[in-house]
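# Results of the structural survey
Here is what each chain is made of, one letter per residue.
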Amino acid sequence: SCVPMIFAMIGAMNRMRFSSDAPQQKILGCVTDTFGAISLGAALLTFETACYSSMSRDSFDEPLLGQNFSYGWVMGPGYWIYWLFCFS
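Going along each chain's sequence as written, the residues are numbered from 1 onward. In keeping with the predicted nature of the model, local features appear solely for residues at pLDDT of at least 70, side-chain atom pairs appear and are counted solely at 80 or more, and the whole-chain, interface and lining totals rest on all residues. Just so you know, side-chain values use all the structure's heavy atoms and leave hydrogens and water out.

## Quick look at the nonpolar core
Inclusion rule: As used here, the term nonpolar core means buried Ala, Val, Leu, Ile, Met, Phe, Trp, Tyr and Cys residues forming a set that is joined through side-chain atoms within 4.5 Å. Whether a residue is buried, partly exposed or exposed follows from its accessible area with a 1.4 Å probe, protein chains only, as a fraction of its type maximum: under 20%, in between, or over 50%, in that order. In this description a helix means any DSSP run of H or I spanning at least four residues, a strand means any run of E spanning at least two, and both kinds are numbered starting from the N terminus.
Membership of the largest hydrophobic core is limited to 7 residues, which are Leu40, Leu44, Tyr52, Met75, Tyr79, Trp83 and Cys86. Looking at this core element by element, the count peaks at 3 residues for helix 3 (residues 77–87).

Following this line, the structure appears as structure tokens:
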């Protein structure tokens, strides 16, 4: 998802000056930004379905302390910030 962002950045830098703001640059920027958002969303969904869903959510016994510990996995703030970037 980083490759289309390079082209989007080049297009944004070209559009900084009003005189060089061509419609082709806008179209190119929209296409590459859309492709980047779709590929980022696909990567996040693939991570969630393939990796996060297969993590165990069990409890385990700690023999030294004589206690039963339970743990769970949560998506961290980086995951949700990537979704924010995907929709913005």
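## Comments concerning a nonpolar patch on the surface
Note the threshold: Like charges are joined within 9 Å and nonpolar side chains (Val, Leu, Ile, Met, Phe, Trp, Tyr) within 5 Å, but only among residues with over 30% relative accessible area and no salt bridge; these make up the patches. Here, Shrake-Rupley sampling with a 1.4 Å probe gives the accessible areas, and only protein chains in the shown set may cover a residue. We define a salt bridge as a side-chain nitrogen of Lys or Arg found within 4 Å of a carboxyl oxygen belonging to Asp or Glu.
Together, Ile6, Phe7, Met9, Ile10 and Met13 make up a nonpolar patch on the protein surface, roughly 510 Å² of accessible area in all. For Ile6, the location among the structural elements is in helix 1 (residues 3–14).

## Topic: helix 3
Quick reminder of the rule: What the arc measures is the spread of directions leading from the helix axis to the C-beta atoms. Whether two residues touch is decided by their heavy atoms; if any such pair falls within 4.5 Å, the residues are in contact.
For helix 3, the complete set of buried residues consists of Tyr79, Trp83 and Cys86. The buried residues of helix 3 all sit within an arc of 55° when viewed along its axis, so they share a single face. Among the exposed residues of helix 3, those oriented more than 90 degrees off its buried face are Pro77, Leu84 and Phe85. Residues of helix 3 that are buried sit in contact with helix 2 (23–51).

## What about the environment of Met55?
Positionally, Met55 belongs in the loop between helix 2 and strand 1 (59–62). Note on Met55: relative accessible area 26%, which makes it partly exposed. Sequence separation between Met55 and Trp73 is 18 residues, and the spatial gap between their C-alpha atoms is 7.7 Å.

## Looking at helix 2
For clarity, the threshold we go by: An expected span of 1.5 Å times one less than the residue number is assigned to each helix.
Taking 1.5 Å as the rise per residue, helix 2 with 29 residues should run 42 Å; its terminal C-alpha atoms sit 41 Å apart, in good agreement. Taken residue by residue, helix 2 has Gly29, Thr32, Gly36, Leu40, Gly41 and Leu44 as its buried positions.

## Quick look at the confidence of the model for the chain
Note the following rule: A residue's pLDDT is simply how confident the predictor is in it, with values from 0 to 100.
Summary statistics for the chain give a mean pLDDT of 75 and a share of 68% for residues scoring 70 or more. Confidence, expressed as mean pLDDT per element, reaches its minimum in the chain at strand 1 with 59 and its maximum at helix 3 with 86.

## Let's talk about the packing of helix 2 against helix 3
To be explicit about the condition: To get an axis, a line is fitted to the C-alpha atoms, and for a helix only the part in contact is used. The angle between two axes follows their N-to-C directions and goes from 0 to 180 degrees. Any angle that is under 35 degrees is reported as roughly parallel, and any over 145 degrees as roughly antiparallel; angles of 65 to 115 degrees are reported as roughly perpendicular and all others as oblique. Left-handed describes a crossing whose near helix is turned anticlockwise from the far helix by less than a right angle; the clockwise case is right-handed.
One can describe the packing of helix 2 onto helix 3 by two numbers: an axis separation of 9 Å at closest approach and a directional angle of 150°. The angle between helix 2 and helix 3 places the two elements in the roughly antiparallel class. In the packing of helix 2 onto helix 3, the handedness of the crossing is left-handed. Contacts between helix 2 and helix 3 involve Ala37, Leu40, Gly41, Leu44, Leu45, Phe47 and Glu48 on the former and, on the latter, Tyr79, Tyr82, Trp83 and Cys86.

## A few points about the packing of aromatic side chains
Spelled out, the test is: Put simply, two rings from Phe, Tyr or Trp (the six-membered ring, in Trp's case) pair if the centres are within 6.5 Å, and we call them stacked under 30 degrees between planes, edge-to-face over 60, tilted for the rest.
With the rule as written, the count across this model stands at 4 aromatic pairs. Here Tyr79 and Trp80 contribute two aromatic rings whose centre-to-centre distance is 4.9 Å and whose plane-to-plane angle is 85°, an arrangement assigned as edge-to-face. Note on Tyr79: relative accessible area 8%, which makes it buried.

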